Structure formats: C-alpha cells, structure tokens
Amino acid sequence: MLGTIILIVFVSLIFFCIYRLTLKYNPRLIFNKEGEMAKILSEMNSLKKPYKPTPWLFNKHLQTIYGLRLRGKSSYKPQREDVFFKDGGQVTIEYFVKENLSLEAPLCFIIHTLGGGSRESCTNFMATFFMKNDYRVVICSCRGCNGSKITSKRLFNGYQTDDLDTIICHVNQKYPNAVKRFVIGFSLGSMVSAQYGIDCDEKIIDGIICISHTINCAKGLKQIETPLNNKLYYQPMMNSLKHLIKKSTFYTEEEKKKVIKTNRFKGYDDLVTSKNMGLNNAEEYYKLLELQPKILKIKVPTLFIFSEDDPFSNPAWIPVEDIEKSKYVAFITTKEGGHTGFCQGWKTKVSYSEEISLDFCNILKKIYS
C-alpha cells in the first residue's frame, strides 16, 4: 500500500514538472484600439511571444518573494548623489551608468517599492538591464529610503510627486541633451509614477511604466491581512515603517510609541502619512491612491504590467472600461508573476517585465524620435 502511494506521488510529481516546464501564457492586452497606445503595442515584439514563468517558482508567493528579495543583485556599485527639497528634506539618488556612455543617452528614472531601494532585486535588476542597454539609469530614492538621511518630518507616500519632479528636473539639468526620458515604478513606486502621468509636464517625460500597481489600495491592504499574507508581507513591511519612525528625530517619543504600538497600515497612515500630507485620516489617503479615477487623466504613454495572481491585488479591480477609453493607458496582464516578480527562464536572468519595459521604451524612442 505504501509503495503504491509513493509511486502515485512520484508519477504525479513527474507530470507536474513536465507541466511546469512546458507552461506558457499569452499576455492579455487592454487598451483603446484607436488611442495612442495601439500603435506602440503593435510594434512591441516582446508581446508577440508567450510568457514562460520560471518552472520552480510555481505559485504567487514564490514569484513575489524571490523576485522582490531573493533574486539577488548585480555587483555594480552605483554613484550616489544627494538631492535637496525646498522643505528641508533630501534623498540620495543613484546612477547606474555604463562606462563612456553618450551624454545623449536616454534617461530612465526608477522608483522602488515601499521602503525599498537599489538593493532590492526587482529594482536592481531593472536598473542593471537598462544600463546594459545604453540607458542612463537613476534610482529615485524616496524620503528615508535607500540610505537617504532623514532631514524632515515628511516621509514617503504613494501620491505626492513633487519630490520625483525635483529629482527629474535636477537630472535633466545635468543631461539636457538626453534623447528621451522614462519613468518606471514598482508597487508603491508605480502609484507615484501613475500620479506623475497626471501631474507632469508631458514635454519632460516620454513614457511611464507601472509594475504591480495594487489598483485599489484600501482593498489591497485587506487582502494582505489574511494569515499567510500577513506573515509573508504585512508584518515585514510594518517593521520597516516602524524602523523609519524610530530613527527619525522629527517625531516625539509619544508619537513614536503610538506608531510602534500599531500593527496595521491604516494605523500608521492615520498617524504618519495622512498627517504629513495634511489629510484627516488614512481613508482620505487611500482614496487618492485609487487608480480608476486617474486613467482618463494620464497624459503621457503609460504601460501597466500586472499579474492576475498578485497577492496584493485582484484582476477584478482593473478599470477595463476606462482603459479602453483612454488615449494613453494600456494594461498588460499575465496569469502568473506575483507582485513585482514576473520571473522567467530556469535561471531568471531577465524577467518578463524587464523585457517588456525595455521594448516599450525603445519603441517610444523610435516612434517619437
């Protein structure tokens, strides 16, 4: 009896391995067939081949954790530079630049995940990939992140874009002859990127890519409060936020105690984020982050890359009707990929999102040159 069970398990495992090795998905495209994005998508060769997820990353959690944290990083050591804001705040940005790169090379501005930076796998691999393909890459650190000194009470959030604009204008002054300029955001960074598509001067930025936008922040937070998601993602992120407050000198001991006591994002955003933004509570902040009201306001070509198994979101939340009316927005969705993962190939050398992002930027360079 035991031998039969072992045989069944062994055979099932073989069939599962064969299934994973041969699995492939055609991406789903959502866009306005008469809009600006239609021509761009039609020329992207990366969309004409299926996505083959990494066989051994066989569920959304493995894709997410490996792609976000465990994929590693390159040995390249970026140049660091401090950028200062009018309110006294500052961040340290980083440059990923190939040796002897032309001053006319296109600029790629990358915004990391919540509390992340250039050392997190998804950001580091994207930066290195674009650098190798002759882009001048700038990691746009958020306040308090990526080794940036905390010099103001205001910290990062997913809505305000003035810091990003200051960084972009600063770099543009250094490289005024850059042929094109693009913004890529991951997770929280994708929220800032989407908002920048509304706030920016469209003459400054030529294209935006939003990877793993949660679409509806309030619903997404409830989704990751489930027991497994809470252990894998929620508490590590909460610990990161609490650490940020602990090391800040701009919060009183009483304020710090209240933040340390809370175990929910809503509590943190009630006490910190909303107050720093001049809002009444976290609900007002989450309302500002909702993607649906932004779609028809975005005024530069913007590509969203989204996985249907994203543990922070849900494909049912995608505002399909608005996207199909938008001139400048398109969604690419995959069946697998997790949150910021999109790993492909056995060794995960280049992710699906990296391939698509580079292709999108290259097509924009060609069409609008």
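Everything here concerns the structure above.
Residues numbered from 1 in each chain as written. Predicted model: local features only at pLDDT ≥ 70, side-chain atom pairs only at ≥ 80, totals over all residues. Heavy atoms only, no water.

1. Describing helix α4 (residues 121-132)
The cut-off we apply is this: For helices the rule is a DSSP run of H or I covering at least 4 residues; for strands it is a run of E covering at least 2, with both sets numbered from the N terminus onward. The span one expects for a helix is its residue count, reduced by one, times 1.5 Å. Exposed residues in this analysis have more than 50% of their type's maximum accessible area, buried residues have under 20%, and partly exposed residues fall in between, with area computed by a 1.4 Å probe over protein chains only.
The end-to-end C-alpha distance of α4 is 16 Å, a good match for the 16 Å that 12 residues give at a rise of 1.5 Å each. With 11 of its 12 residues buried, α4 lies for the most part within the structure. All of the buried residues along α4 are S121, C122, T123, N124, F125, M126, A127, T128, F129, F130 and M131. Looking one or two places after α4, you find D134, whose phi comes out positive at around 70 degrees.

2. Remarks on the side chain of D310
Selection rule: Charge assignment: positive for Lys and Arg, negative for Asp and Glu; neither His nor the chain ends contribute. We define a salt bridge as a side-chain nitrogen of Lys or Arg found within 4 Å of a carboxyl oxygen belonging to Asp or Glu. Throughout, a residue-residue contact means that at least one pair of heavy atoms, one from each residue, lies within 4.5 Å.
Mapped onto the elements, D310 comes out in the loop between β8 (302-307) and α12 (320-323). Buried D310, no salt bridge; nearest opposite-charge side chain is K60, N-O distance 8.2 Å. Dropping the residues within four chain positions of it, D310 is found in contact with S212, Q223, G338 and H339.

3. Quick word on the side chain of D359
As for its placement among the helices and strands, D359 is situated in helix α13 (residues 352-367). No salt bridge is formed by the buried D359; the nearest opposite charge belongs to K366, separated by 7.8 Å. Those residues in contact with D359, other than ones at most four positions away along the chain, are M44, N45 and S46.

4. Examining the layout of surface pockets
What counts is decided by this rule: Using only the protein atoms, space was sampled on a 1 Å grid; points where a 1.4 Å probe fits but cannot get out form cavities, open sets with protein on both sides within 12 Å along at least five of seven lines form pockets, and lining residues are those with an atom within 4 Å of a point. Grid points are joined across faces, edges and corners, and a volume is the space filled by probe spheres set on the points. As a working rule, the residues Ala, Val, Leu, Ile, Met, Phe, Trp, Tyr, Cys and Pro are called nonpolar, Asp, Glu, Lys and Arg charged, and the rest polar, with Gly in that last group.
Approximately 570 Å³ is the volume attributed to the largest pocket. Taken together, 32 residues make up the lining of the largest pocket; nearest its centre are L114, S187, M237, F265 and F312. Residue assignment for the lining of the largest pocket shows that the elements contributing at least two residues are α3 (60-70), α6 (188-199), α7 (217-223), α8 (227-247), α10 (265-276) and α11 (282-289). Element by element, the count of residues in the lining of the largest pocket is highest for α8, at five residues. Classifying every residue of the lining of the largest pocket gives 18 nonpolar, 11 polar and three charged. Approximately 280 Å³ is the volume attributed to the second largest pocket. Lining the second largest pocket are 18 residues, with G115, G116, G117, R119 and N146 sitting closest to its centre. With five residues, α8 is the single largest residue contributor to the lining of the second largest pocket.

5. Side note on the nonpolar core
Under the convention used in this document: In this description, a nonpolar core means a group of buried Ala, Val, Leu, Ile, Met, Phe, Trp, Tyr and Cys residues linked to one another through side-chain atoms lying within 4.5 Å.
Counting 72 residues, the largest nonpolar core has V171, F265, Y268 and F331 as its most contacted members. Excluding residues within four positions of it along the chain, F265 makes contact with L114, L221, I224, Y234, M237, M238, L241 and Y286.

6. A look at the packing of aromatic side chains
For clarity, the cut-off: Stacked, tilted and edge-to-face are the three classes applied to pairs of Phe, Tyr and Trp rings, where Trp contributes its six-membered ring and a pair requires centres within 6.5 Å; stacked means planes under 30 degrees apart, edge-to-face means over 60, and tilted covers the rest. Sitting over a ring, as applied to charges here, requires NZ of Lys or CZ of Arg to be within 6 Å of the ring centre and within 35 degrees of the ring normal.
Tallied over the entire structure, the rule returns 11 aromatic pairs. Residues F130 and Y135 carry aromatic rings whose centres are separated by 4.9 Å and whose planes lie at 75 degrees to one another, so their mutual orientation is edge-to-face. Grouping aromatic residues by their ring pairs yields a cluster made of F129, F130, Y135 and F182. When the ring centre of F125 is taken as origin, the NZ or CZ atom of R71, which lies over that ring, is 3.8 Å away.

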